[in-house]
Amino acid sequence: MSKAENSQYDLIIAGAGPAGLSAAQYAARAGMSVLILGNPAGSQAARISSLENYPGIFPASDGFSFLDAMKRQALEFGAKAEFKTISSIVKSDSEEAICTVNADGTDYTAGAVLIATGAEHRKLGIPGEQEFLGRGVSYCATCDGPFFRGKDVIVIGGGDSACAEALFLSKICRSVTVIHRKSQFRAQKSLAQSVLNSSSIKVLFNCTVERIDGTEKVETAAVKNSADGTSEKITADGIFISIGTVPAQTFFSGIKTDESGYIVTDEMMQTSVPGIFAAGDIRSKSFRQVVTACSDGATAAHAAFSYLSKVRNEVYK
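What counts as what
- The residue numbers shown here count from 1 along each chain, following its written sequence.
- In keeping with the predicted nature of the model, local features appear solely for residues at pLDDT of at least 70, side-chain atom pairs appear and are counted solely at 80 or more, and the whole-chain, interface and lining totals rest on all residues.
- Think of the side-chain values as coming from all heavy atoms in the structure, minus any hydrogens and water.
- Each helix is a run of H or I in the DSSP string that is no shorter than four residues. Each strand is a run of E no shorter than two, and both are numbered from the N terminus.
- A contact between two residues is defined here by any heavy atoms of the two lying within 4.5 Å.
- A 1.4 Å probe and the Shrake-Rupley method give the accessible areas. Residues count as covered only by the protein chains that appear here.
- The positive count covers Lys and Arg only, the negative count covers Asp and Glu only, and His and the chain ends enter neither.
- Positions of charges follow a simple convention, taking NZ of Lys, CZ of Arg, CG of Asp or CD of Glu.
- A 1.4 Å probe rolled over the protein chains alone gives each residue an accessible area, and that area as a share of the maximum for its type sets the label: buried under 20%, exposed over 50%, partly exposed in between.
- In this analysis, the expected span of each helix is defined as 1.5 Å times one less than the number of residues it contains.
- By convention a nonpolar core is built from buried Ala, Val, Leu, Ile, Met, Phe, Trp, Tyr and Cys residues, the set being connected through side-chain atoms within 4.5 Å.
- Only one rule defines a salt bridge in this text: a Lys or Arg side-chain nitrogen within 4 Å of an Asp or Glu carboxyl oxygen.

A. How the structure looks around the overall build of the protein chain. Along its length, the protein chain carries six helices and 17 strands. Along the longest, intermediate and shortest principal axes, the C-alpha atoms of the protein chain span 65 × 40 × 40 Å. Considering only contacts within the protein chain whose residues lie at least 6 apart along the sequence, 60% involve residues at least 24 apart. For the protein chain, the accessible area works out to roughly 15500 Å², and carbon and sulfur atoms hold 49% of it. Put simply, the protein chain has 31 plus and 33 minus side-chain charges, and the middle of one group is 4 Å from the middle of the other.

B. Structural detail: the environment of glycine 150. Relative to the helices and strands, glycine 150 is located in the loop between α3 (141-144) and β9 (152-156). On the accessibility criterion, glycine 150 (39% relative accessible area) is partly exposed. Sequence separation between glycine 150 and leucine 169 is 19 residues, and the spatial gap between their C-alpha atoms is 9.7 Å. When residues no more than four places from it in sequence are discounted, the contact partners of glycine 150 are Ile172, Cys173 and Arg174.

C. Broad picture of helix α6 (residues 290-311). Between the first and last C-alpha of α6 there are 31 Å, a value that for 22 residues agrees with the 32 Å anticipated at 1.5 Å per step. One or two steps after α6, the chain reaches asparagine 313, where phi turns positive at roughly 55°.

D. Representation of the nonpolar core within the structure. By size, the foremost hydrophobic cluster in this structure holds 36 residues, and its most contacted members are Leu11, Val34 and Leu114. Counting only elements with at least two residues in this core, the list comes to β1 (2-14), α1 (18-29), β2 (34-37), α2 (63-76), β6 (106-115) and α6. Here this core takes nine residues from α6, the largest share from any one element.

E. Summary view of the pattern of salt bridges. Taken as a whole and judged by the stated rule, the model has seven salt bridges. Taking the shortest distance from any N to any O, the salt bridge between aspartate 152 and arginine 174 comes out at 2.8 Å. Taken as a pair, aspartate 152 in strand β9 and arginine 174 in the loop between α4 (160-170) and β10 (175-179) lie far apart in primary sequence, 22 residues in all. Residue arginine 174 is classed as exposed on the basis of its relative accessible area of 57%. The salt bridge partner of aspartate 296 is lysine 285, with a shortest N-O separation of 2.8 Å. Of the two residues, aspartate 296 is situated in helix α6 and lysine 285 in the loop between β17 (276-278) and α6; the sequence distance between them amounts to 11 residues. Comparing aspartate 296 with lysine 285 shows no difference in burial state: the two are buried.

Structural data, given as structure tokens:
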């Protein structure tokens, strides 16, 4: 493995989304040497066409421009950034417990590492899903729902998030159709009942969407009923896929995660391994938004600064 020049840092951040860039800004501003490994364009936030629910960003910005501004701000404070893919994170048993991060064959070392690689929406894997992403297909009603005000939409899923999104959309859309592959919701009883009681929501159980069609944007969804084998096409302006998320790569095998694979931290973003922090959507949490990711990142930077001060026996008067 090669060793890069100036490859030793106080903090290495895996991921260049809202959590990672927020942490980079706070850490660099505090005087820490910081390296960001990742590409903002790969973040889920980069695909937001209009970020209109982030406090203080008004008029709304597109997600990529928002992340680009965050990156430039972090670099202005002294952080470094490289568009490299991380393959591993290893923590030594030495007294200072140095972490080694390998990215594209190059080793970088740091006193602390922040994992902020985010989460990925679970995909249906059907024709039209990827083709119409951003043109009617969405994975976030909170983010994109207002663009479909007064229109007809479909929500795919049967868990808490799907039911919550259906209720949210029912307040602004002309019609909402929920399609779930099983015979009953797996959401909390009160949430599921609210969906079933809503006069604005139509529920199709035992059904799956087999393909999404349209020209410039979403127009129809091909739906199959697994109970009787019938098929139909449903007209829709938007399709919200809410079948859960999966954590992105953590690169560290010895870390504590929850049953779904998300990293468990305390309120200071410290993981089960001292010196390894996690922030943003990769972290086990109940609410995943750009604003909460930024909050996590700022907290993680502060915690990393405190951690390194203790490890290095640094005393500030």
